[in-house]
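Structure assessment
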Amino acid sequence: MTLVSEIAISVLLVIGGVFGLVGSYGLLKLPDTMSRLHAPTKASTLGIGGVLLASILHFALIEQKYTVEEILVTIFLFITAPISTHFLAKAWLHRNARPEDLPETGTDCGWIGYDLAEPKEAEGTESD
Amino acid sequence: MITYAFWFANACFGGGLLCNLLQFIRARDVIDRVQAFDTMVINAIALLILFGTMNATGHYFEASLLFAMVGFVSTVAFCKFLLRGDIIE
């Protein structure tokens, strides 16, 4: 039983560590900001998830203590990672992309991060 | 075996932290810096949890929760400042 739990914890730790390293290396390796957005948020939350599962199993199976703080950290990270990525994308669009260069949204609303009036006026003046 | 797994995970997240520091230094745009900082916070949380689990104490979970909250709030505040020029309007 101890060997099985040790194997499970070790596998979770190794998976979490590899995913964390891949996420951080992808942040270094990917070419531009918009493609860099997806590497750390996917892989680091998966890496953190593996480490937190290993921590829960370690405390429950080896130390015989049952803790809930890891679940709190997991839920908090899984909720906040997409929100911060969304904010980063919005800020990048606001600073670097002009409204003319963006593709059509297909709805009445313009792109997020710009005022509603601006893309309408730009479309009206160009009218190609 | 479990000790080696712990040290392997520690080395992985430490290497990830170094990658983020390199990205933080060589980034050209402010957004890249904010993103590297956000990922640094995530790796630091993982290191804290690993340390707490290795030493079998629960004190580090509160610290990692605080880290998660402060990292999220600071990322959102940076992005809000870059978007609007003000954090709370």
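Residues numbered from 1 in each chain as written. Chains lettered and ligands numbered in written order. Predicted model: local features only at pLDDT ≥ 70, side-chain atom pairs only at ≥ 80, totals over all residues. Heavy atoms only, no water.

1. Describing the overall build of chain A
Our working definition: The numbering of helices and of strands both runs from the N terminus, where a helix is a DSSP run of H or I of at least 4 residues and a strand a run of E of at least 2. Exposed residues in this analysis have more than 50% of their type's maximum accessible area, buried residues have under 20%, and partly exposed residues fall in between, with area computed by a 1.4 Å probe over protein chains only. It only takes one pair of heavy atoms within 4.5 Å for two residues to be counted as in contact. All accessible-area figures derive from a Shrake-Rupley calculation using a 1.4 Å probe, and residue coverage is judged against the displayed protein chains alone.
A count of helices and strands for chain A gives 5 helices and 0 strands. Listed by position from the N terminus, the elements making up chain A come as α-α-α-α-α. The 128 residues of chain A split such that 41% are buried. Contacts in chain A between residues at least 24 apart in sequence constitute 45% of all its contacts with a sequence separation of at least 6. Here chain A displays about 7,300 Å² of accessible surface, and carbon together with sulfur accounts for 66% of that area.

2. Things to note about the packing of helix 2 (residues 30-54) of chain B against helix 3 (residues 59-84) of chain B
Residues and elements named next belong to chain B. As a reminder of what qualifies: Inter-axis angles, ranging from 0 to 180 degrees, are taken between N-to-C directions of lines fitted to C-alpha atoms, where helices are fitted over the stretch in contact. For classification purposes, an angle smaller than 35 degrees is called roughly parallel, one larger than 145 roughly antiparallel, one from 65 to 115 roughly perpendicular, and anything else oblique. Each residue is assigned to one of three groups, with Ala, Val, Leu, Ile, Met, Phe, Trp, Tyr, Cys and Pro labelled nonpolar, Asp, Glu, Lys and Arg labelled charged, and all others, Gly among them, labelled polar.
Contact geometry for helix 2 and helix 3: axes closest at 9 Å, N-to-C directions at 175°. If you check the angle between helix 2 and helix 3, you find them roughly antiparallel. Residue-level contacts link Val30, Ile31, Val34, Phe37, Asp38, Val41, Ala44, Ile45, Leu48, Ile49, Phe51 and Gly52 of helix 2 to Tyr60, Phe61, Ala63, Ser64, Phe67, Ala68, Gly71, Ser74, Thr75, Phe78, Cys79 and Leu82 of helix 3. Its residues assigned to classes, the contact of helix 2 with helix 3 shows 18 nonpolar, 5 polar and 1 charged.

3. A short note on the interface of chain B and chain A
For an interface, size is often stated in terms of accessible area lost upon the parts coming together. Operational definition: Buried area counts how much accessible surface, traced with a 1.4 Å probe, disappears from two parts once they are put together, with both parts' losses summed. What counts as a salt bridge is simple: a side-chain nitrogen of Lys or Arg found within 4 Å of a carboxyl oxygen of Asp or Glu.
Counting residues at the interface gives 47 residues for chain B, matched by 47 residues for chain A. Here chain B and chain A share an interface that buries about 4,200 Å² over both sides, 77% of which is from carbon and sulfur atoms. On inspection of chain B and its partner chain A, the count reaches 2 salt bridges. Here aspartate 32 of chain B and arginine 36 of chain A are joined by a salt bridge, their closest N and O atoms 2.9 Å apart. Those elements that provide at least two residues to the side of chain B that touches chain A are helix 1 (2-26), helix 2 and helix 3 of chain B. Here the side of chain B that touches chain A takes 16 residues from helix 2 of chain B, the largest share from any one element.

4. A short note on the pattern of salt bridges
Under the definition given, this model contains 2 salt bridges over all chains. Of the charged contacts in the structure, one is a salt bridge between aspartate 29 of chain B and arginine 95 of chain A, with a shortest N-O distance of 3.3 Å. With aspartate 29 of chain B in the loop between helix 1 and helix 2 and arginine 95 of chain A in helix 4 (residues 69-96), this pair bridges two chains. You can call aspartate 29 of chain B buried: its relative accessible area is 13%. Under the relative-accessibility criterion, arginine 95 of chain A is labelled partly exposed at 41%.

5. Re the nonpolar core
In plain terms, the rule: We define the nonpolar core as a collection of buried residues of types Ala, Val, Leu, Ile, Met, Phe, Trp, Tyr and Cys that are connected through side-chain atoms lying within 4.5 Å of one another.
One finds Leu13, Ile48, Val73 and Leu77 of chain A together with Ile45, Ile49 and Leu50 of chain B to be the most contacted residues of the largest nonpolar core, which totals 24 residues. Breaking this core down by element, the ones donating at least two residues are helix 1 (2-29), helix 3 (38-62) and helix 4 of chain A together with helix 1, helix 2 and helix 3 of chain B. Here the element with the most residues in this core is helix 2 of chain B; it accounts for 6 residues. Contact partners of leucine 50 of chain B, with chain neighbours within four places excluded, come to Leu13 and Val51 of chain A together with Phe6, Ala9, Asn10 and Phe13 of chain B. Leu37 and Ala91 of chain A together with Phe72 and Leu82 of chain B belong to the second-largest nonpolar core, a separate cluster that totals 12 residues.

6. Describing the confidence of the model for chain B
Residues and elements named next belong to chain B. Short version of the rule: For every residue, the predictor assigns a confidence score, pLDDT, that lies between 0 and 100.
For chain B, per-residue confidence averages 90 on the pLDDT scale, and residues scoring 70 or more make up 100% of the total. When mean pLDDT is taken per element in chain B, helix 1 scores highest with 92 and helix 3 scores lowest with 90. Prediction confidence for the complex, expressed as pTM and ipTM, is 0.83 and 0.86 respectively.

7. So, unusual backbone geometry
Both trends apply: most residues other than glycine have a negative phi, and most peptide bonds are in trans. You will see that glutamine 64 of chain A, though not glycine, has its phi angle at about 60°, which is positive. When its relative accessible area of 54% is taken as the criterion, glutamine 64 of chain A is described as exposed. One non-glycine residue, alanine 56 of chain B, lies in positive phi territory at about 60°. The residue alanine 56 of chain B is located in the loop between helix 2 and helix 3 in this model.

8. Examining the confidence of the model for chain A
Low-pLDDT stretches of the model should not have their predicted coordinates read in fine detail. Residue and element names in this part refer to chain A. Per-residue pLDDT for chain A averages 81, and the proportion of residues at 70 or more is 87%. Helix 5 (residues 117-126) is the least confidently modelled element of chain A, averaging 47 in pLDDT, while helix 1 averages 91, the highest of any element. Below pLDDT 50 for its whole length, residues 117-128 participates in 4 contacts with residues either more than four positions away or in separate chains.

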